[in-house]
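Topology and contacts: notes
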Amino acid sequence: MDTIIETKQLTHTYSAGTPFERSALLNVDFSAYRGEYLGIIGHTGSGKSTLIQHLNGLLKPTSGQVLFQGEDIWSDPKRTRLTRFQVGLVFQYPEYQLFEETVYKDIAFGPKNMGLDEKEIDRRVRQSAYFVGLRDDQLDKSPFELSGGQKRRVAIAGVIAMEPKVLILDEPTAGLDPVGVESILSNIRDYHQFHNATVILVSHSMEEVARSVDRLVVVNDGHIPFQGTPREVFRHGDELEQMGLGVPQMTRVFHRLRQLGVDIDPSVYTVEQARDALLAKLGKGAV
Ligand SMILES: Nc1ncnc2c1ncn2[C@@H]1O[C@H](COP(=O)(O)OP(=O)(O)OP(=O)(O)O)[C@@H](O)[C@H]1O
Ligand SMILES: [Mg+2]
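The shown structure was predicted, so the numbers you read here are calculated from the model rather than taken from an experiment.

What follows concerns the side chain of Thr-198. If you trace the backbone, Thr-198 turns up in strand S8 (residues 198-203). Polar contacts involving the side chain of Thr-198 include one to the main-chain amide nitrogen of Gly-35, which spans 3.0 Å. With near-sequence residues (within four places) excluded, Thr-198 lies in contact with Ile-4, Ala-32, Tyr-33, Arg-34, Gly-35, Glu-36, Lys-165, Val-166 and Leu-167.

As a further point, take the coordination of the magnesium ion (ligand 2). Taken together, the protein donors to the magnesium ion (ligand 2) comprise Ser-49 (OG) and Gln-92 (OE1), at separations of 2.0 to 2.4 Å. Within this pair, whereas Ser-49 is found in helix H1 (residues 48-55), its partner Gln-92 is found in the loop between strand S6 (87-90) and helix H3 (103-113), the two being separated by 43 residues in sequence.

Take Glu-6: it is sitting in strand S1 (residues 3-14). Distance in space between the C-alpha atoms of Glu-6 and Leu-67 is 5.3 Å, their sequence separation being 61 residues. In contact with Glu-6, other than residues within four places in its own chain, are Phe-30, Ser-31, Gln-65, Val-66 and Leu-67.

Next up on the list: the sheet that holds strand S9 (residues 215-220). Pairing between sheet strands relies on hydrogen bonds along the backbone, with the strands arranged either parallel or antiparallel. Pairing is mixed in the open sheet, where six strands are placed in the order S6-S7-S8-S3-S9-S10. Every interior strand has two partners, whereas the edge strands, S6 and strand S10 (223-228), have only one. When strand polarity is set aside, the average angle formed by the axes of neighbouring strands in this sheet is 15 degrees. As defined by bridge partners, S6 adjoins strand S7 (residues 166-170) across four bridges and the pair is classed as parallel. Bridging from a neighbouring strand, Val-87 pairs with Val-166 of S7.

The environment of ligand 1 is made up of 13 residues, and the closest members are Arg-22, Gly-45, Lys-48, Thr-50 and Gln-92. At 2.8 Å from an oxygen atom of ligand 1 is found a side-chain nitrogen or oxygen belonging to Arg-22. Burial of ligand 1 by the surrounding chains reaches 66%, relative to a free accessible area of 630 Å². Structurally, ligand 1 is housed in the second largest pocket. The set of elements that each furnish at least two residues to the shell around ligand 1 consists of strand S2 (22-33) and H1. No other element matches the three residues that H1 contributes to the shell around ligand 1. A class-by-class count of the residues in the shell around ligand 1 yields two nonpolar, eight polar and three charged.

Further remarks concern helix H10 (residues 249-259). Buried within H10 we find Thr-251, Phe-254 and His-255. Along the axis of H10, the buried residues cluster in a sector spanning 105 degrees; they form a single face. If you follow the buried residues of H10, they end up packed against helix H8 (230-234), helix H9 (237-242) and helix H11 (271-281). Just downstream of H10, Gly-261 is the residue with a positive phi angle, here 100 degrees.

Considering all chains together, one arrives at two cavities of 30 Å³ or more under this definition. Roughly 60 Å³ of internal volume is contained in the largest cavity. Along its surface, the largest cavity is lined by Arg-124, Gln-127, Ser-128, Phe-131, Ile-160, Ala-161, Glu-163, Tyr-191 and His-195. Contributions of two or more residues to the lining of the largest cavity are made by helix H4 (118-131) and helix H6 (178-195). Among the elements that take part in the lining of the largest cavity, H4 stands out by supplying four residues, more than any other. Residue classes in the lining of the largest cavity are distributed as four nonpolar, three polar and two charged. As a volume, the second largest cavity reaches approximately 30 Å³. In this structure, the second largest cavity is lined by Phe-131, Val-132, Ile-156, Ile-160, Leu-167, Asn-187, Ile-188 and Tyr-191. When residues of the lining of the second largest cavity are traced back to their parent elements, those giving at least two are helix H5 (148-160) and H6.

The rules we used
Here, residues in each chain are numbered from 1, in the same order as that chain's written sequence. Here chains are named by letter from A upward and ligands by number from 1 upward, in the order in which they appear as written. Restriction of local features to residues with pLDDT of at least 70 applies here, the model being predicted, together with a cutoff of 80 or more for giving and counting side-chain atom pairs; totals for whole chains, interfaces and linings are based on all residues. For side-chain calculations, the full set of non-hydrogen atoms in the structure is used, while hydrogens and water are omitted. Numbering of helices and strands starts at the N terminus; helices are DSSP runs of H or I of at least 4 residues and strands are runs of E of at least 2. Definition of a polar contact: a pair of N or O atoms within 3.5 Å, with one able to donate and the other able to accept a hydrogen when the atoms are protein atoms, and with sequence-neighbouring residues admitted only if both atoms are side-chain atoms. Residues are treated as being in contact if the distance between any of their heavy atoms lies within 4.5 Å. Only N, O and S atoms count as donors, using a 2.8 Å limit from the metal and a wider 3.2 Å limit for Na, K and Ca, and since water is excluded some coordination spheres may look unfilled. A pair of strands counts as paired when DSSP detects no fewer than two bridges linking them. Whenever a helix is involved, its axis is fitted only over the stretch in contact; in every case the axis is a line through C-alpha atoms, and angles between N-to-C directions fall within 0 to 180 degrees. Nearness is defined per residue: one heavy atom within 4 Å of the molecule or strand is enough. Note on areas: Shrake-Rupley, 1.4 Å probe, and residue coverage restricted to the protein chains presented here. Every definition here rests on a 1 Å grid over the protein atoms only: cavities are sets of points where a 1.4 Å probe fits but cannot get out, pockets are open sets enclosed by protein on both sides within 12 Å along at least five of seven lines, and lining residues have some atom within 4 Å of a point. For a molecule to be placed in a cavity or pocket, more than half of its atoms must lie within 2 Å of the grid points of that cavity or pocket. Note on residue categories: nonpolar means Ala, Val, Leu, Ile, Met, Phe, Trp, Tyr, Cys or Pro, charged means Asp, Glu, Lys or Arg, and polar means any other residue, Gly included. For every residue, the accessible area obtained with a 1.4 Å probe (protein chains only) is divided by the maximum for its type, and the residue is called buried under 20%, exposed over 50%, and partly exposed between those limits. By arc we mean the arc of the directions from the helix axis to the C-beta atoms, nothing more. Grid points are joined across faces, edges and corners, and a volume is the space filled by probe spheres set on the points.

So this is what it looks like as C-alpha coordinates:
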(Lines give C-alpha, C1' and ligand atoms only; values in the text may rest on other atoms or scores of the structure.)
(Ligands and ions follow the chains in the order given, each with its own letter.)
Protein backbone atom coordinates (compact mmCIF):
# COMPACT_ATOMS: atom_id res chain seq x y z
CA MET A 1 0.00 0.00 0.00
CA ASP A 2 1.12 3.49 -0.86
CA THR A 3 1.43 5.68 2.25
CA ILE A 4 0.43 9.31 1.70
CA ILE A 5 0.85 10.68 5.22
CA GLU A 6 2.48 9.28 8.34
CA THR A 7 3.88 10.12 11.73
CA LYS A 8 7.03 8.59 13.17
CA GLN A 9 7.40 8.42 16.94
CA LEU A 10 5.21 11.50 17.24
CA THR A 11 5.07 12.95 20.75
CA HIS A 12 3.11 16.03 21.78
CA THR A 13 3.20 17.66 25.18
CA TYR A 14 0.96 20.65 25.87
CA SER A 15 2.28 23.44 28.13
CA ALA A 16 5.62 21.66 28.62
CA GLY A 17 7.56 22.86 31.64
CA THR A 18 4.51 24.37 33.39
CA PRO A 19 2.28 22.91 36.10
CA PHE A 20 -0.29 22.34 33.31
CA GLU A 21 2.03 20.03 31.37
CA ARG A 22 0.03 17.31 29.66
CA SER A 23 1.37 14.59 27.40
CA ALA A 24 -1.31 14.10 24.72
CA LEU A 25 0.57 11.77 22.33
CA LEU A 26 3.52 9.51 23.04
CA ASN A 27 5.68 7.94 20.29
CA VAL A 28 2.81 7.49 17.86
CA ASP A 29 3.42 5.77 14.51
CA PHE A 30 0.41 6.52 12.35
CA SER A 31 -0.10 6.12 8.62
CA ALA A 32 -2.83 6.72 6.08
CA TYR A 33 -2.74 5.15 2.61
CA ARG A 34 -3.40 6.97 -0.63
CA GLY A 35 -7.09 6.87 -1.52
CA GLU A 36 -8.33 5.10 1.59
CA TYR A 37 -11.26 6.09 3.79
CA LEU A 38 -9.82 5.90 7.28
CA GLY A 39 -11.60 6.24 10.59
CA ILE A 40 -9.94 7.49 13.78
CA ILE A 41 -11.84 6.54 16.88
CA GLY A 42 -11.19 7.17 20.54
CA HIS A 43 -12.72 8.30 23.79
CA THR A 44 -12.93 11.99 24.77
CA GLY A 45 -9.45 13.31 25.55
CA SER A 46 -7.66 10.32 23.97
CA GLY A 47 -5.63 12.51 21.60
CA LYS A 48 -7.54 12.37 18.28
CA SER A 49 -7.65 16.11 17.63
CA THR A 50 -4.04 16.50 18.71
CA LEU A 51 -2.99 13.78 16.24
CA ILE A 52 -4.83 15.17 13.23
CA GLN A 53 -3.76 18.76 13.87
CA HIS A 54 -0.20 17.53 13.33
CA LEU A 55 -1.09 16.08 9.93
CA ASN A 56 -1.54 19.50 8.30
CA GLY A 57 1.11 21.29 10.31
CA LEU A 58 -1.22 23.15 12.63
CA LEU A 59 0.59 21.72 15.63
CA LYS A 60 4.33 21.11 15.71
CA PRO A 61 5.62 17.85 17.20
CA THR A 62 7.34 18.05 20.57
CA SER A 63 9.43 15.24 19.12
CA GLY A 64 9.13 12.86 16.19
CA GLN A 65 8.18 13.54 12.58
CA VAL A 66 5.23 14.07 10.27
CA LEU A 67 5.83 12.99 6.66
CA PHE A 68 3.57 13.98 3.77
CA GLN A 69 4.34 12.10 0.54
CA GLY A 70 7.56 10.92 2.14
CA GLU A 71 8.91 14.37 3.09
CA ASP A 72 9.14 15.90 6.57
CA ILE A 73 6.57 18.71 6.54
CA TRP A 74 8.77 20.85 8.82
CA SER A 75 11.91 20.49 6.70
CA ASP A 76 11.32 23.93 5.19
CA PRO A 77 8.57 26.61 5.36
CA LYS A 78 7.55 26.04 1.72
CA ARG A 79 6.79 22.44 2.45
CA THR A 80 4.79 23.33 5.56
CA ARG A 81 2.70 25.77 3.52
CA LEU A 82 2.12 23.24 0.75
CA THR A 83 0.98 20.67 3.30
CA ARG A 84 -1.56 23.13 4.71
CA PHE A 85 -3.17 23.39 1.26
CA GLN A 86 -3.00 19.73 0.35
CA VAL A 87 -4.10 18.32 3.67
CA GLY A 88 -7.46 19.92 4.41
CA LEU A 89 -8.71 19.94 7.98
CA VAL A 90 -12.30 20.55 9.02
CA PHE A 91 -12.16 21.36 12.74
CA GLN A 92 -14.37 20.08 15.48
CA TYR A 93 -17.42 22.47 15.53
CA PRO A 94 -16.05 24.44 12.53
CA GLU A 95 -19.15 26.65 12.39
CA TYR A 96 -17.64 28.77 15.15
CA GLN A 97 -14.83 29.77 12.86
CA LEU A 98 -16.86 31.35 10.07
CA PHE A 99 -16.08 35.03 9.91
CA GLU A 100 -16.65 36.52 6.44
CA GLU A 101 -19.63 38.72 5.49
CA THR A 102 -21.07 36.18 3.08
CA VAL A 103 -21.14 32.43 2.65
CA TYR A 104 -19.46 32.90 -0.75
CA LYS A 105 -16.50 34.76 0.76
CA ASP A 106 -16.13 32.21 3.53
CA ILE A 107 -15.91 29.31 1.07
CA ALA A 108 -13.60 31.36 -1.18
CA PHE A 109 -11.14 32.12 1.63
CA GLY A 110 -8.98 28.99 1.22
CA PRO A 111 -8.82 28.99 -2.60
CA LYS A 112 -7.98 32.72 -2.51
CA ASN A 113 -5.08 32.06 -0.15
CA MET A 114 -3.82 29.47 -2.58
CA GLY A 115 -3.45 32.25 -5.14
CA LEU A 116 -5.97 30.87 -7.64
CA ASP A 117 -7.54 33.23 -10.21
CA GLU A 118 -11.08 34.62 -9.79
CA LYS A 119 -12.62 32.28 -12.35
CA GLU A 120 -11.16 29.17 -10.73
CA ILE A 121 -12.15 30.43 -7.28
CA ASP A 122 -15.71 30.94 -8.51
CA ARG A 123 -15.84 27.47 -10.03
CA ARG A 124 -14.61 25.89 -6.80
CA VAL A 125 -16.94 27.87 -4.54
CA ARG A 126 -19.99 26.89 -6.59
CA GLN A 127 -18.95 23.29 -6.98
CA SER A 128 -18.21 22.73 -3.30
CA ALA A 129 -21.36 24.57 -2.20
CA TYR A 130 -23.35 22.29 -4.50
CA PHE A 131 -21.47 19.29 -3.14
CA VAL A 132 -22.54 19.93 0.44
CA GLY A 133 -26.10 20.79 -0.55
CA LEU A 134 -26.08 24.60 -0.23
CA ARG A 135 -28.33 26.48 -2.65
CA ASP A 136 -27.06 29.27 -4.91
CA ASP A 137 -29.21 31.88 -3.16
CA GLN A 138 -27.53 31.03 0.15
CA LEU A 139 -24.13 32.11 -1.16
CA ASP A 140 -24.92 35.81 -0.74
CA LYS A 141 -26.27 35.43 2.78
CA SER A 142 -24.33 36.08 5.93
CA PRO A 143 -23.21 32.76 7.42
CA PHE A 144 -24.81 33.95 10.67
CA GLU A 145 -28.27 33.84 9.09
CA LEU A 146 -27.97 30.09 8.54
CA SER A 147 -28.90 27.22 10.83
CA GLY A 148 -26.22 25.32 12.76
CA GLY A 149 -26.27 22.43 10.28
CA GLN A 150 -25.98 24.76 7.30
CA LYS A 151 -23.09 26.63 8.89
CA ARG A 152 -21.32 23.30 9.32
CA ARG A 153 -21.83 22.71 5.58
CA VAL A 154 -20.30 26.09 4.74
CA ALA A 155 -17.22 25.23 6.82
CA ILE A 156 -16.86 21.85 5.10
CA ALA A 157 -17.32 23.46 1.66
CA GLY A 158 -14.54 25.94 2.51
CA VAL A 159 -12.08 23.10 3.02
CA ILE A 160 -13.11 20.96 0.06
CA ALA A 161 -12.90 24.04 -2.18
CA MET A 162 -9.13 23.72 -1.76
CA GLU A 163 -9.48 20.23 -3.29
CA PRO A 164 -7.14 18.68 -0.73
CA LYS A 165 -5.48 15.34 -1.48
CA VAL A 166 -6.16 14.39 2.12
CA LEU A 167 -9.43 15.53 3.68
CA ILE A 168 -9.60 15.26 7.46
CA LEU A 169 -12.84 15.87 9.34
CA ASP A 170 -12.85 16.13 13.14
CA GLU A 171 -16.23 14.82 14.38
CA PRO A 172 -18.17 16.39 11.48
CA THR A 173 -21.50 14.94 12.58
CA ALA A 174 -21.31 15.94 16.28
CA GLY A 175 -24.54 17.50 17.49
CA LEU A 176 -26.49 16.99 14.23
CA ASP A 177 -29.87 15.24 14.02
CA PRO A 178 -29.95 11.78 12.33
CA VAL A 179 -30.96 13.23 8.94
CA GLY A 180 -28.12 15.77 9.12
CA VAL A 181 -25.68 13.01 10.08
CA GLU A 182 -26.69 10.86 7.09
CA SER A 183 -26.48 13.72 4.66
CA ILE A 184 -23.00 14.87 5.82
CA LEU A 185 -21.70 11.27 5.75
CA SER A 186 -23.00 10.85 2.24
CA ASN A 187 -21.33 14.12 1.12
CA ILE A 188 -18.05 12.84 2.56
CA ARG A 189 -18.40 9.49 0.79
CA ASP A 190 -19.07 11.34 -2.48
CA TYR A 191 -15.98 13.50 -2.00
CA HIS A 192 -13.91 10.39 -1.41
CA GLN A 193 -15.17 8.71 -4.57
CA PHE A 194 -15.34 11.73 -6.83
CA HIS A 195 -11.83 13.03 -6.08
CA ASN A 196 -10.07 9.73 -5.30
CA ALA A 197 -8.96 11.52 -2.17
CA THR A 198 -7.72 10.10 1.09
CA VAL A 199 -10.38 10.81 3.70
CA ILE A 200 -9.84 10.66 7.46
CA LEU A 201 -12.98 10.72 9.59
CA VAL A 202 -12.61 11.30 13.32
CA SER A 203 -15.48 10.03 15.39
CA HIS A 204 -16.35 8.59 18.73
CA SER A 205 -19.25 6.57 17.37
CA MET A 206 -18.38 3.00 16.44
CA GLU A 207 -21.68 2.57 14.57
CA GLU A 208 -20.84 5.60 12.44
CA VAL A 209 -17.31 4.63 11.45
CA ALA A 210 -18.08 0.93 11.11
CA ARG A 211 -20.38 1.48 8.16
CA SER A 212 -18.28 4.19 6.51
CA VAL A 213 -14.58 3.41 6.54
CA ASP A 214 -12.16 0.90 4.99
CA ARG A 215 -9.82 0.92 7.96
CA LEU A 216 -9.87 2.04 11.57
CA VAL A 217 -7.24 3.46 13.89
CA VAL A 218 -8.06 3.37 17.60
CA VAL A 219 -6.55 6.09 19.78
CA ASN A 220 -6.43 5.60 23.54
CA ASP A 221 -4.55 7.68 26.06
CA GLY A 222 -2.11 9.08 23.49
CA HIS A 223 -1.36 5.70 21.89
CA ILE A 224 -2.66 3.56 19.03
CA PRO A 225 -3.49 0.17 20.58
CA PHE A 226 -5.25 -1.30 17.52
CA GLN A 227 -5.73 -0.64 13.84
CA GLY A 228 -7.06 -2.60 10.91
CA THR A 229 -10.31 -3.26 9.09
CA PRO A 230 -13.40 -2.72 11.27
CA ARG A 231 -13.75 -6.51 11.42
CA GLU A 232 -10.20 -6.90 12.77
CA VAL A 233 -10.58 -4.08 15.29
CA PHE A 234 -13.92 -5.31 16.63
CA ARG A 235 -12.35 -8.64 17.55
CA HIS A 236 -10.91 -6.69 20.50
CA GLY A 237 -14.43 -6.10 21.81
CA ASP A 238 -13.58 -6.50 25.48
CA GLU A 239 -10.56 -4.19 25.38
CA LEU A 240 -12.57 -1.62 23.43
CA GLU A 241 -15.30 -1.69 26.08
CA GLN A 242 -12.64 -1.09 28.73
CA MET A 243 -11.52 1.99 26.80
CA GLY A 244 -15.07 3.29 26.97
CA LEU A 245 -15.64 2.59 23.27
CA GLY A 246 -18.74 0.58 22.59
CA VAL A 247 -18.51 -1.86 19.71
CA PRO A 248 -21.45 -1.82 17.27
CA GLN A 249 -24.63 -3.44 18.56
CA MET A 250 -24.37 -6.46 16.23
CA THR A 251 -20.82 -7.13 17.40
CA ARG A 252 -22.05 -7.09 20.99
CA VAL A 253 -24.81 -9.59 20.22
CA PHE A 254 -22.33 -11.94 18.54
CA HIS A 255 -19.85 -11.69 21.40
CA ARG A 256 -22.62 -12.59 23.80
CA LEU A 257 -23.62 -15.58 21.65
CA ARG A 258 -20.04 -16.79 21.79
CA GLN A 259 -19.94 -16.40 25.55
CA LEU A 260 -23.08 -18.54 25.65
CA GLY A 261 -21.18 -21.25 23.82
CA VAL A 262 -22.36 -20.70 20.23
CA ASP A 263 -19.48 -21.31 17.82
CA ILE A 264 -19.88 -18.19 15.70
CA ASP A 265 -17.59 -15.54 14.16
CA PRO A 266 -17.57 -12.62 16.66
CA SER A 267 -16.15 -10.03 14.23
CA VAL A 268 -19.53 -9.20 12.68
CA TYR A 269 -20.57 -5.51 12.76
CA THR A 270 -23.46 -4.89 10.37
CA VAL A 271 -26.95 -6.37 10.16
CA GLU A 272 -26.13 -7.87 6.74
CA GLN A 273 -23.02 -9.63 8.06
CA ALA A 274 -25.03 -10.90 11.02
CA ARG A 275 -27.66 -12.33 8.67
CA ASP A 276 -25.05 -14.12 6.55
CA ALA A 277 -23.21 -15.50 9.60
CA LEU A 278 -26.44 -16.83 11.12
CA LEU A 279 -27.59 -18.38 7.85
CA ALA A 280 -24.18 -20.01 7.40
CA LYS A 281 -24.46 -21.36 10.94
CA LEU A 282 -27.87 -22.79 10.14
CA GLY A 283 -26.34 -24.39 7.05
CA LYS A 284 -28.45 -22.38 4.63
CA GLY A 285 -25.75 -20.27 2.97
CA ALA A 286 -26.05 -16.54 2.30
CA VAL A 287 -29.13 -15.21 0.53
N1 LIG B 1 -4.57 23.35 24.13
C2 LIG B 1 -4.42 22.42 25.07
N3 LIG B 1 -3.71 22.67 26.20
C4 LIG B 1 -3.54 21.73 27.16
N5 LIG B 1 -4.02 20.49 27.08
C6 LIG B 1 -4.73 20.17 25.98
C7 LIG B 1 -4.97 21.11 24.92
N8 LIG B 1 -5.71 20.51 23.96
C9 LIG B 1 -5.92 19.25 24.41
N10 LIG B 1 -5.34 19.04 25.61
C11 LIG B 1 -5.34 17.78 26.39
O12 LIG B 1 -4.71 16.77 25.59
C13 LIG B 1 -5.42 15.55 25.67
C14 LIG B 1 -5.88 15.11 24.28
O15 LIG B 1 -6.83 16.05 23.80
P16 LIG B 1 -7.50 15.99 22.37
O17 LIG B 1 -8.27 17.24 22.20
O18 LIG B 1 -6.48 15.66 21.35
O19 LIG B 1 -8.48 14.74 22.56
P20 LIG B 1 -9.68 14.22 21.63
O21 LIG B 1 -9.49 12.76 21.49
O22 LIG B 1 -9.76 15.02 20.40
O23 LIG B 1 -10.96 14.50 22.56
P24 LIG B 1 -12.50 14.86 22.13
O25 LIG B 1 -13.13 13.56 21.71
O26 LIG B 1 -13.08 15.36 23.40
O27 LIG B 1 -12.46 15.87 21.05
C28 LIG B 1 -6.58 15.80 26.64
O29 LIG B 1 -6.19 15.37 27.92
C30 LIG B 1 -6.75 17.29 26.62
O31 LIG B 1 -7.26 17.75 27.85
MG1 LIG C 1 -11.21 16.25 19.61
